[in-house]
Amino acid sequence: MKFDGGGTAPALHSVPRQTASTLHSLLSTLFPPMSDRLQAIEEKLLALEHHVEQLDTVVRDAFVGMDKLQREIERLRSDVAEMQTNMESSGEEEPPPPHSSPPW
């Protein structure tokens, strides 16, 4: 039985049993059953969800740390500005360092 392209394909039951078995085996290898493919996709999706959750935690922790550092920087700037203001308002000059005057 030949398929000439002009009519209909031969029915599967007319294909020799060994050829049909070989064809089925080949198709099963190339295209695993849908349930196996879905299970593989679900496993990959679960792994990706886990990685996204881990990354979310890392990013959130990094932002919390950056916020703390930013507040500390602002506090230090404020302290330095206050010290400068106090020094300027006192009118006293800072004494020279001990190494700048001769020892005699």
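To be clear, the structure that these remarks concern was listed above.
Residues numbered from 1 in each chain as written. Predicted model: local features only at pLDDT ≥ 70, side-chain atom pairs only at ≥ 80, totals over all residues. Heavy atoms only, no water.

*Asks:* I'd like a description of the overall build of the protein chain, backed by residues and values.
*Replies:* A count of helical and extended segments in the protein chain gives two helices and zero strands. A total of 104 residues make up the protein chain; the buried ones form 0% of that total. Of the accessible surface of the protein chain, which amounts to about 10,000 Å², a share of 62% is contributed by carbon and sulfur atoms. (Helix = DSSP H or I, 4+ residues; strand = E, 2+ residues; numbered from the N terminus. Buried < 20%, exposed > 50% of the residue type's maximum accessible area, 1.4 Å probe, protein only. Areas by Shrake-Rupley, 256 points an atom, 1.4 Å probe, with all protein chains shown as cover.)

*Asks:* Let's hear about the pattern of salt bridges: which residues, and what values?
*Replies:* All told, the structure shown has four salt bridges when counted by the stated rule. In this structure, the salt-bridge partner of Glu-74 is Arg-77, at a minimum N-O distance of 3.2 Å. Note that Glu-74 and Arg-77 are positioned in helix H2 (residues 34-90) at a spacing of three residues, about one turn of the helix. Assessed through its relative accessible area of 39%, Glu-74 is described here as partly exposed. Taken together, the shared-partner salt bridges connect Glu-72, Arg-75 and Asp-79 into one network. (Salt bridge = Lys/Arg side-chain N within 4 Å of Asp/Glu carboxyl O.)

*Asks:* Give me a nonpolar patch on the surface: which residues, what numbers.
*Replies:* Taken together, the side chains of Leu-23, Leu-26, Leu-27, Leu-30 and Phe-31 make up a nonpolar region of the molecular surface, amounting to roughly 490 Å² of accessible area. Looking at where Leu-30 falls in the secondary structure, it is placed in helix H1 (residues 17-30). (Patch = residues over 30% accessible without salt bridge, like charges linked within 9 Å, V, L, I, M, F, W, Y side chains within 5 Å.)

Everything listed is a geometric property; what it means functionally is a separate question.
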